[in-house]
Amino acid sequence: MLPFDRREFLAEILSDDDAETLRHLAKEGIGENSMRALASDLGYLEAWSLAATGQPLPWPAPEPLLIKFIAHHLWDPSKRETDPAHGMPNEVADALRASGLLRVEGPHAPSTVRDRALLLVAFASGGRRRSEVASLRLAQIEEQDPVAADPKEPEGPKLPCAKIRLGRTKTTEANDDAFVLLVGRPVLALQEWLERAKISEGAVFRGIDRWGHLERKALTPQAVNLILKRRIAQAGLDPKVFSAHGLRSGFLTETARRGIPLPEAMQQSQHRSVSQASRYYNDAERQLGRAARLIV
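Everything numeric here is computed off the predicted structure, so don't read it as measured data.

**Focus: helix α10 (residues 221-234)**
Then comes step 1: Relative to the 20 Å expected for 14 residues at 1.5 Å per residue, α10 spans 20 Å between its end C-alpha atoms, a close match to the ideal helical length.
Then comes step 2: By the burial criterion, the buried members of α10 are Ala223, Val224, Asn225, Ile227, Leu228 and Ile232.
Then comes step 3: Phi turns positive one or two residues past the end of α10, at Gly236, with a value near 90°.

**A short note on the packing of aromatic side chains**
Then comes step 1: Scanning the entire structure with this criterion turns up three aromatic pairs.
Then comes step 2: Ring geometry for Trp48 versus Phe69: centroids 5.1 Å apart, planes at 90°, classification edge-to-face. Placement of Trp48 in helix α3 (residues 32-53) and of Phe69 in helix α4 (residues 63-73) is noted, with a sequence separation of 21 residues between them. Pair check on accessibility: Trp48 and Phe69 agree, each one buried.
Then comes step 3: Three or more aromatic residues joined by ring pairs form one cluster here, namely Tyr44, Trp48 and Phe69.

**Structural notes on the confidence of the model for the protein**
Then comes step 1: Mean pLDDT over the protein: 80, with 80% of residues reaching 70 or higher.
Then comes step 2: For the protein, the element scoring lowest by mean pLDDT is helix α5 (residues 77-82), at 64; strand β2 (residues 158-165) scores highest, at 94.

**As for the packing of helix α11 (residues 245-257) against helix α12 (residues 262-269)**
Working note: a packed helix pair is described by the angle between its axes plus the distance between those axes.
Then comes step 1: Across the interface, α11 lies against α12 with an axial gap of 10 Å and an inter-helix angle of 155°. Looking at the two axes, α11 sits roughly antiparallel to α12. Crossing geometry of α11 relative to α12 is assigned as right-handed. The segment α11 lies against α12, with Arg248, Phe251, Leu252 and Thr255 engaging Ala265, Gln268 and Ser269.
Then comes step 2: Its residues placed into classes, the contact of α11 with α12 shows three nonpolar, three polar and one charged.

**Overview of the sheet that holds strand β1 (residues 141-148)**
Then comes step 1: One open sheet accounts for three strands, arranged β1-β2-β3; its pairing is antiparallel. What marks the edges here is a single partner per strand, and that holds for β1 and β3 (179-183). On average, adjacent strands in this sheet sit at an angle of 30° to one another, irrespective of strand direction.
Then comes step 2: Bridge count for β1 against β2 is six bridges, and the pairing is antiparallel. If you follow Glu142 over to β2, its bridge partner there is Lys163.
Then comes step 3: Those strands touched by helix α9 (residues 185-197) are β1, β2 and β3, and its axis lies near 90° from that of β3.

Definitions and cut-offs
- Residues numbered from 1 in each chain as written.
- Predicted model: local features only at pLDDT ≥ 70, side-chain atom pairs only at ≥ 80, totals over all residues.
- Heavy atoms only, no water.
- Helix = DSSP H or I, 4+ residues; strand = E, 2+ residues; numbered from the N terminus.
- Expected span 1.5 Å × (residues − 1).
- Buried < 20%, exposed > 50% of the residue type's maximum accessible area, 1.4 Å probe, protein only.
- Phe/Tyr/Trp six-rings, centres within 6.5 Å; stacked < 30°, edge-to-face > 60°.
- pLDDT = per-residue confidence, 0-100.
- Axes fitted to C-alpha atoms, helices over the stretch in contact; angles between N-to-C directions.
- Parallel < 35°, antiparallel > 145°, perpendicular 65-115°, else oblique.
- Left-handed = near helix turned anticlockwise from the far one by under 90°.
- Contact = heavy atoms within 4.5 Å.
- Nonpolar A, V, L, I, M, F, W, Y, C, P; charged D, E, K, R; others polar.
- Pairing = 2+ DSSP bridges.

This is the structure we're talking about:
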């Protein structure tokens, strides 16, 4: 019933009641992956209860114990500076960490490493649609040879490079073999995320629950939009006037401001319509042009 590779470890942590609950769930036909997740979560809860109260986890858990669990995992780092007793006690955290069950420092929160990789990849790959970001699979990413940081100096410093095969999108077909390139910081951020999340197959961008566990299913397009809005708010801007679509239009606007030719920008954004893509260029050129600056 328990995952084979962790059976002995979990058997020492789970109580008889926990095992009976898992056995009941198994009889109800729950999936293998869900069973692994439930066993892991119950093992963590049992270990936390032993470390925090000195007693096995009662079943069902009383309300005060549930409140204590929440207080130990969702706390304010700034308050901890003035109140050492705030949040999870050090001895509880040390016990869980020694057992290999607690792998994060501080309160649990959505990973900034995921958000950084997601937003950099989405923008630098040409302003990908939120559905494309959410559905991105590891099999679509191919590591490339490093490229010159300055194309004019091919023997100079190098930057990491990766290729993303797009598959079927709104403007491409599955057999078009369309791809975009990532160079530099977005590649490093993506590599860091994949390494820290230990992703070796399947969806690239996934959720992280409040206990720091990586979910197996991909993020939804709506989640991509919410991540963007949350980071916009943290930057001091109004999230109501921004959306994930702004990654796409913003990419073309920024390439225009930097003087990058429209055909080169369209290769990365995969726009098929020159008239649609040039609209962003026209707006940027008018703002930067001399015609609007006759009287300043």
